[in-house]
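Single-letter residue listing:
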Amino acid sequence: MSQRLEKTLVLPQVRLKIHSGTDLVVQLLIRNQLHETVLLRPTLDDWLLNDSEILPIVSRLEPPYVYLFPEYESTCQLTIPIPDYLPSGTSMKTWLRFPGWLEDAIPIQLELLEPTENSDRTPVIHPLMVTFPPPRDSKENYLGTAEPSTSGIFGLMSGLMDLDKIPARWLIAELLTRLCQHGTNYAQTPQGNELLSQLSRTQFFKNGVYAFSSAQVPAWIASSLSMANTILAAQIGQRHLLSIWEEWLFDLAQTDIELGDGGVHSELNKGGFCSNVTINSDKKVPKPAPTNPIPYQRSEASILNTQNPEQWFAGLLLGLAQVSPRMANCFRAIATQESTIPVVDHTVATQASYSLTTGLPGLDALPGRWLVVELLILLAQQGDTYSRTESGSQLLNRLSRTRFFKNGVLAFASAQAPRWLVISQSAAAAYHSSLGVQMGQGGLLHVGEQWLWTLVANALNIKGIDNPVSVSNAATKTFVCELGMDAQRWFVGILLGLIQVSPKMARYVKAIADQAPPPFTPTPTSPVMFNDVLNEGGSLGR
Amino acid sequence: MNVNEQVLLNRVEALRIPLEDPALPLDWKDWYHFILLDLKTGIRLLVNATLIGKPEQGQMQVSFIVNLPSAQITPELESPPSVATFGTTFSLDWQPDMVCRHPLRLQGKGINLEINGMNSSVHVHDERAQLSLNVQGQAEAMPLLVTEDAPFGSGFIGWGLIPGLKVSGELSVCGRSFAIDHDWFCYHDRNFGRFRWGEDIGWEWFVAYVTDKKGRSFTLVLDKRTNKNHSMSGLPYIFIYSGTRLRKVFLGSTLQIDWDWSATASLPLRLPGIMASLFGDRTVSMPRQLQVQAADDQDQLLLTMAFDSTSELIVPDNQSRQYTFIDEVTGAVDVTLVLQGETIPARGFAYGEYVH
């Protein structure tokens, strides 16, 4: 998808001759000419020596993050010690990257000189200015600049990197729209209609509508979507983010990703997967149609054309009730309890709308990956829990014997998705804690759900609210640590999480699971008992 | 091998011990592992060169094991078909000039190992054991970097493999020479990481090289990381190469791995000698056979190995009195692969490890 960018960026380059054993200090001056706040953490690739050998890079970054409002500039300093054992004449290359904001990298190329006789080894200081967005060259083709080593890492990673470029608000807007669409459809059913008519008589509902209208949520969603559409359309065509992910998963069932193109060349070592390769096989699970094949303008006309906050809020509530049984129970409890206590509580609504107004612009600052990370971690947690239930483990048992499952694990492992998740989570957590009060105890989703529950009058005691599905930083950290770099557990978690929120996905995955071969008959465990050597009484004091 | 694969190959081969780190911890390990098999003669051999610790406070440890049909070494004796196993291990104090990073070279008395891009050369020599190997190789198979930081014991392990090198050279056993030509199969892998021998660690691994009646060759590589008593494991997987290209992966619960053990405990061939005498009174059951079954919704694998030679390497930790046991096994292997509806029977030899 990234290949479709048409123009190449004009980025600065660093070329230096430097004595081995000295420190290179890159003084970065970063300018933000984007219309949104950016959060940056520059990184360096490992050294490439003489275009062949890889050497781990060591570097220090001060300060560790740069947070820049539009039209502001700031500095940070990267200190890179140059090893002293490399011979003079060695060519060393690394690439300076800005994950989340720039897919291209700034090459830093050094040629080593004899170690300096000067014992104090004065560091070499090199100033470097980077502007966001970088200027574009109108002539060159984007692919012309891609390094061979990085151009091979499209695939899942490119999906993830594209998310980096998209501020969280667009994704939130898309998710909210989806949810509302879902809820609006549910409202047409007898059960949905009944729940809505009950809820609409509650104070909770009135508070929400009031908050939505005073924070101008529908307008915010509409403008976010139109921005997202304009920018995304140029890059990834008319496809929506979620449908890209969905398609990626669906494609996993049709093939062996290690087989690659025509069985000759494998994509595995490129860290990706072949989404378009299908192999003739009788055992095919029909791939469902993309969730949203038609452009936004028509398919979501019903919800997008309305600026009616009540319709938005109702859609959102019912959508949530649909995807989360726990939320559904909470809403039912609210619906039945509230109808008996008709209290007017303006304070709650005012507070809620205040926190929503302050919360929404904050979303602009966060790159989409962080939100996606939270969603994925949340999904993974739900999936992980589900995998421990009887029905979950039965499904997983069958699913784990299919190519779909193997492909997913391989794709996750070779795209280093677990590493991406772990690193993003820790960056997001560090950022949240640096923001302190505003983002509070947890991630974006946590803030979102907390906000929803502030709409409920304090007098109510709804089971489940005290134990929100969203995750506090501490819980997320524990979970992320537990899963670590285990590609299998991440894939299982996210997959099982997805099938819980998407009935279509659930049907599809079940159809795949039904194709699994019967399990092997378990054999008794090895009869060999290994002795505990250390506790053996033997000679030589062992 | 395309450019991307060559970059990956360099990454697989790169020495990982951070020599420039003055606080380099002593539990660092970095090793280069080679297996050579000849289907015609049935000769199989293993070379492993491991760096442990750091210069001046570490060792370079070399293992060299040769298995060959007895008839190859004593044709004048009409002995029943059996396999003779010769082996040596030696440990050298790690002097700074023994290891060069660019291009990679490990050298010391009895060992010279060089890797430069796709080209490698291995020379191992032990006069007292009357064993020597001199072989040049060129990487052909698609390299795989499987993991760089999988949790292992108190630290981590990383590994990558190049399951196919074109080789030529010479092997000498007890004064008899054997030419190594392009028909030989050579497998190479790399391991690195920080952990301590003797911790609650283990693994099951093999490489099998088989050919079918149409002359096609397949390489199968198993990896399963475990704890010491193999009651718990990470995700097991088998890579199946067709020729030099990766063709199929089975992983997780699509795999069933069954080791069959000798009914009676006996004293195995043990290396190195000093460790063998330390554990001289310790008889154990050794692996006798191995069966692996695998099946997903399309493809299947059945693999059986009967071991004709086993030996036990004892590796001690370099800081406290604890050990890990590496059971090296080798033997003939029968494979039935079902790939996209085609049933492929194939035969060959395998080398494996059961580590506990």
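None of these values were measured; they are calculated from a predicted model.

## What about the nonpolar core?
Thought 1: Among the nonpolar cores identified, the biggest contains 130 residues, and A208 and I238 of chain B are the most heavily contacted of them.
Thought 2: In contact with I238 of chain B, other than residues within four places in its own chain, are L220, V221, L222, V249, F250, L255 and A294 of chain B.

## A short note on helix α14 (residues 390-399) of chain A
Residues and elements named next belong to chain A.
Thought 1: All of the buried residues in α14 are L395, L396, R398 and L399. The buried residues of α14 all sit within an arc of 165 degrees when viewed along its axis, so they share a single face. Residues of α14 that are exposed and point more than 90 degrees away from the buried face comprise E390, S393 and Q394.

## Let's talk about unusual backbone geometry
All names here are of chain B.
Thought 1: Cis geometry marks the peptide bond from H102 to P103, where omega comes out at -15 degrees.
Thought 2: Note that the residue after L271, namely P272, is joined by a cis bond; omega there is -10 degrees.
Thought 3: Along the chain, P272 falls in the loop between β20 (269-271) and α3 (273-278).
Thought 4: Of note in this structure, H230 is not a glycine but carries a positive phi near 60 degrees.

## Quick word on the sheet that holds strand β14 (residues 185-194) of chain B
In a beta sheet, neighbouring strands are held together by backbone hydrogen bonds and run either parallel or antiparallel to one another.
Residues and elements named next belong to chain B.
Thought 1: Spatially, β4-β3-β2-β1-β14-β11-β10 is the arrangement adopted by the seven strands of the open sheet, whose pairing is antiparallel. Two strands in the sheet have a free side with no partner beyond their single neighbour: β4 (83-93) and β10 (144-152). This sheet shows a mean twist of 10 degrees between the axes of neighbouring strands, independent of strand direction.

## Considering the sheet that holds strand β10 (residues 73-81) of chain A
All names here are of chain A.
Thought 1: As summarised here, the arrangement of the four strands in space is β8-β10-β3-β13, forming an open sheet in which the pairing is mixed. Across the chains shown, the open sheet's two edge strands, defined by having one partner strand only, are β8 (60-62) and β13 (124-132). If you compare each strand with its neighbour and ignore which way they point, the axes differ by 20 degrees on average.
Thought 2: As defined by bridge partners, β8 adjoins β10 across three bridges and the pair is classed as antiparallel. Counted as the bridge partner of L61 is L78 from β10.

## Looking at the environment of T131 of chain A
Residues and elements named next belong to chain A.
Thought 1: Among the structural elements, T131 can be located in strand β13.
Thought 2: C-beta crowding within 10 Å serves as the criterion here: with 16 such atoms nearby, T131 is assigned to the partly exposed category.
Thought 3: A C-alpha to C-alpha distance of 4.7 Å links T131 and R31, two positions 100 residues apart in sequence.
Thought 4: Those residues within four positions of T131 in sequence are excluded, and the remaining contacts are R31 and Q33.

## Re the environment of F152 of chain B
Residue and element names in this part refer to chain B.
Thought 1: Structurally, the position occupied by F152 is in strand β10.
Thought 2: Owing to 21 C-beta atoms within 10 Å, F152 belongs among the buried residues under this scheme.
Thought 3: Separated by 47 residues in the primary sequence, F152 and E199 place their C-alpha atoms 9.2 Å from one another.
Thought 4: Beyond its immediate sequence surroundings of up to four residues, F152 is in contact with I157, G193, F195, I201 and R225.

## Remarks on the confidence of the model for chain A
Residue and element names in this part refer to chain A.
Thought 1: Averaged over all residues, the pLDDT of chain A is 63; the fraction at 70 or higher stands at 37%.
Thought 2: Segment residues 434-447: pLDDT under 50, and 29 contacts once partners within four positions in sequence are set aside and those in other chains are kept.
Thought 3: Here residues 456-472 is modelled with pLDDT under 50, and outside its nearest four sequence neighbours on either side it reaches 41 contacts, counting other chains as well.

Rules used throughout
- Starting from 1, residues in each chain are numbered consecutively following that chain's sequence as written.
- Chains and ligands are labelled sequentially in the order written, the chains with letters from A and the ligands with numbers from 1.
- Only residues with pLDDT of at least 70 get local features here, since the model is predicted, and only at 80 or more are side-chain atom pairs given and counted; chain-wide, interface and lining totals rely on the full set of residues.
- Put simply, a nonpolar core is buried Ala, Val, Leu, Ile, Met, Phe, Trp, Tyr and Cys residues tied into one set by C-beta atoms within 7 Å.
- Field definition: a residue is buried when 20 or more other C-beta atoms are found within 10 Å of its C-beta, exposed when 12 or fewer are, and partly exposed for counts in between, with C-beta atoms placed from the backbone.
- We call two residues in contact if the C-beta atoms placed from their backbones are at most 7 Å apart.
- Strands are runs of DSSP state E lasting at least 2 residues, helices are runs of H or I lasting at least 4, and numbering of each runs from the N terminus.
- Directions from the helix axis toward the C-beta atoms define the arc.
- Strand pairing is defined by DSSP finding a minimum of two bridges between the two strands.
- In this analysis, axes come from line fits to C-alpha atoms, helices being fitted only over the stretch in contact, and the angle between any two N-to-C directions falls in the range 0 to 180 degrees.
- Here pLDDT means the predictor's own confidence in every residue, given as a number from 0 to 100.

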